[in-house]
Amino acid sequence: MSATLRLPAPASRLPRRAPASVAPVLAVCILLSVAIQATMLTTPLLTMHAFDGVMESHNLDSLWVLALAFLIALLLGGTLRHLRAALLAGLAERVGRRLQLGALAATVRVALDGDRVAAGRALQDVAELRRMLGGSVPADVLDLLSIPVALGFLWLLHPLFFAVALIAALLQAALGVLADRTTRDVVSTATTDEARTRRDLVGRLTQRDMVLGLGLLPAVLGRFAPAQAQAMRTRGAAERQAQALAGLLEFATFLQQIAIVCAGVWLLLRHEISPGSMLAAATMVNFATRPVVHLVGHWRDWSLGIAAARRLVDIAHRGRPPAAVPPDPAAPPGLAVQDLTIRAPGAPRPLVEDLSFILPPGGILVLAGRNGAGKTTLIRALLGLAEPEAGRVLLDGHDTLRSPRAEIGPRLGYLPQEPQLLEGSVIENVGRFAGGDTEVAVAAARRVGAHAAIGRLPRGYENGAGPDAGLSGGQSRLVALARAFHGAPRLIVLDEPEAGLDGAARAALREGVAQVRAEGSALLLVSHDPRAWSGTADRVLRLHGDGAWELEVLR
Ligand SMILES: Nc1ncnc2c1ncn2[C@@H]1O[C@H](COP(=O)(O)OP(=O)(O)OP(=O)(O)O)[C@@H](O)[C@H]1O
């Protein structure tokens with residue numbers, strides 16, 4: 001091991017400060033929208049002036065001036081729209097980044113609780129929301145400001161124009177609401193179904209040898225294809241429904257044009273308006289209804305975006321860590337389990353009921369029980385990864401469930417049944433990506449007898465260790481063992497630590513266990529053969545799987 005090897009700094013921590021608030025940018029966008037609406041008013045005003053003024057005076061010069069003014073207004077409106085679009089795109093990017101970090105954290109917590117479908121959807125939902133915010137929907141929403149401006153202008157021209165435009169806008173809005181109501185849930189269900197089937201298929205692909213080797217591919221595809229087809233059918237039906245509503249909307253727009261022209265001609269015949277006013281009204285009525293038509297036209301974007309936002313709010317709520325509690329100064333040192341009851345999800349009986357024991361520093365407890373008795377579930381509750389039905393678990397007074405993870409995590413060492421090594425090098429994994437002293441990581445590897453095995457890897461401690469790094473099962477377990485011992489945690493939990501280790505590694509592990517116990521770590525070992533540890537352990541906890549348990553004190 002080279003002494004110059006440095007552990008890299010932790011890759012990506014959550015930012016301490018929230019990014020600059022979105023409110024000022026949003027306020028500027030609203031101001032720009034007002035300015036855009038003002039430039040928009042020039043079209044009907046100039047039309048009116050051209051028709052009523054120029055026709056009467058026959059002054060062509062004033063027509064050129066009007067045309068120039070119209071061009072300037074058009075250019076100004078276009079520039080302001082461009083500026084607003086750039087600001088909105090930046091805003092979408094910023095909101096997306098902020099949501100992504102929160103969604104990632106919540107996703108991991110929700111996945112730990114077993115809801116992998118919701119967890120898998122969260123990042124997809126962030127992308128969906130970002131697509132909506134980065135698309136035309138925010139500009140369409142801001143353009144809704146033009147409705148009162150246009151309606152006010154029409155009122156000034158004639159209350160009848162106002163009434164026609166109001167009815168048209170309300171009708172189009174009603175069609176939009178109908179489109180949303182009838183299809184949002186259907187599309188959301190289809191998206192969730194698609195995510196589930198995709199996740200299942202990807203899960204099977206990781207079991208490639210089994211699927212191909214045993215000829216299970218047709219069976220896998222047979223299970224996957226109907227679910228995917230159903231999801232696509234559901235989505236297709238919702239989209240057809242939306243297209244039908246879009247057709248209705250187009251029809252409503254034609255009706256609106258006919259109604260405004262008929263109203264104009266009628267008012268002209270009654271000499272209540274000028275020809276210019278009629279033309280201005282025909283232009284203006286579009287401004288009163290166009291934002292609604294746009295929003296309904298982009299129904300799919302905002303409908304999916306809103307559904308995604310709702311799911312993200314839900315996952316953030318469910319993925320919120322429990323409220324932190326301060327350490328209990330009266331608690332004994334080491335591990336104190338108090339009146340703990342745990343139950344598997346949906347199970348009628350608890351796996352373990354009213355469990356209480358103390359494992360002092362330097363104590364070694366072997367956890368035993370038949371397959372499915374609840375050993376892993378109990379370990380998860382002890383580590384604060386799953387909420388028990390009742391009771392609490394304290395480590396040196398710190399509640400393992402309700403203490404901030406950054407505080408309790410370094411006090412714990414854990415070797416799960418699957419090594420769960422993360423993307424990164426061996427040294428990063430052993431050192432828990434904390435950027436600390438490499439010698440501490442190497443000492444942990446030596447302690448569990450992993451140093452020699454790591455030295456035999458092509459790149460030693462710099463070798464990759466993640467899921468695609470190609471480590472053997474035993475090599476991965478050795479690296480995970482070293483990670484569990486890194487930094488002499490106060491409690492080390494090893495789930496079947498000798499599984500997959502050769503004789504030399506087992507002997508080294510036993511030496512390592514003796515050393516950390518001498519240094520004051522408490523150890524909890526899951527073993528199907530507690531007698532194998534009888535010379536080392538000082539108590540055995542046996543689970544019966546029906547809530548009952550017995551604690552045997554060996555010394
Ligand atoms: N997320 C879950 N959803 C439903 N049931 C679960 C869940 N997790 C655990 N169980 C059930 O709880 C029981 C205990 O499981 P656990 O994995 O804790 O057993 P174990 O003692 O570690 O088994 P083994 O020795 O086989 O590893 C089992 O019947 C299991 O099916």
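Residues numbered from 1 in each chain as written. Predicted model: local features only at pLDDT ≥ 70, side-chain atom pairs only at ≥ 80, totals over all residues.

Details of the overall build of the protein
Secondary structure summary: the protein contains 17 helices and ten strands in total. The buried share of the protein, reckoned over its 555 residues, is 34%. (Helix = DSSP H or I, 4+ residues; strand = E, 2+ residues; numbered from the N terminus. Buried ≥ 20, exposed ≤ 12 C-beta atoms within 10 Å, placed from the backbone.)

Some points on unusual backbone geometry
Negative phi characterises most residues that are not glycine, and trans characterises most peptide bonds. The phi angle at Asp396 is positive, at roughly 50 degrees, despite the residue not being glycine. With respect to the helices, strands and loops of the structure, Asp396 is situated in the loop between strand E4 (390-395) and strand E5 (398-399). Asp396 gets classed as partly exposed once you count the C-beta atoms within 10 Å, which come to 18. One non-glycine residue, Glu496, lies in positive phi territory at about 45 degrees. Relative to the assigned elements, Glu496 resides in the loop between strand E7 (491-495) and helix H17 (503-518). What makes Glu496 partly exposed here is the crowd of 18 C-beta atoms within 10 Å.

Here we look at the site of the ligand
Neighbouring the ligand are twelve residues, the closest being Ala344, Asn371, Lys375, Thr376 and Thr377. Taken together, the residues of the shell around the ligand break down into four nonpolar, seven polar and one charged. (Near = placed C-beta within 6 Å. Nonpolar A, V, L, I, M, F, W, Y, C, P; charged D, E, K, R; others polar.)

Things to note about the sheet that holds strand E9 (residues 539-543)
Strands sit in the order E6-E7-E8-E3-E9-E10 across an open sheet of six strands; the sheet is mixed. With partners counted over all chains shown, the strands left at the sheet margins are strand E6 (412-415) and strand E10 (549-553), one partner each. Averaged over all neighbouring strand pairs, the angle between strand axes comes to 15 degrees, with direction disregarded. Pairing between E7 and strand E8 (residues 522-526): five bridges, direction parallel. Residue pairing across strands places Val493 opposite Leu524, the latter belonging to E8. (Pairing = 2+ DSSP bridges. Axes fitted to C-alpha atoms, helices over the stretch in contact; angles between N-to-C directions.)

Digging into helix H9 (residues 275-297)
End to end, H9 covers 32 Å across 23 residues, agreeing with the expected 33 Å (1.5 Å per residue, within 8%). In the structure, H9 departs most strongly from a straight axis at Thr289, where the bend amounts to approximately 40 degrees and where the proline Pro291 lies between one and four residues downstream. (Expected span 1.5 Å × (residues − 1). Bend = angle between axes of the 7 residues up to and from the residue.)

Remarks on the confidence of the model for the protein
Averaged over every residue, the pLDDT of the protein is 83; residues scoring 70 or more account for 93%. Here helix H7 (residues 208-213) stands out as the element of the protein with the lowest mean pLDDT, 72, in contrast to strand E1 (residues 335-342), whose mean of 96 is the highest. The low-confidence segment residues 1-19, where pLDDT is below 50, has 23 contacts with residues more than four positions distant or belonging to other chains. Interface confidence in the predicted complex, given as ipTM, is 0.97; pTM for the same model is 0.68. (pLDDT = per-residue confidence, 0-100. Contact = placed C-beta atoms within 7 Å.)

Concerning the UniProt feature "transmembrane region" (unreviewed entry) in the protein
UniProt feature "transmembrane region" (unreviewed entry): in the numbering of this structure it lies at residues 21-42, 62-80, 161-179 and 242-269. Helix makes up 100% of residues 161-179 and strand 0%, and the two end C-alpha atoms of the span are 27 Å apart. Along residues 242-269, the helical share is 100% and the strand share 0%, with 41 Å between the first and last C-alpha atoms. (UniProt positions renumbered as here; feature names shortened; annotations may be inferred.)

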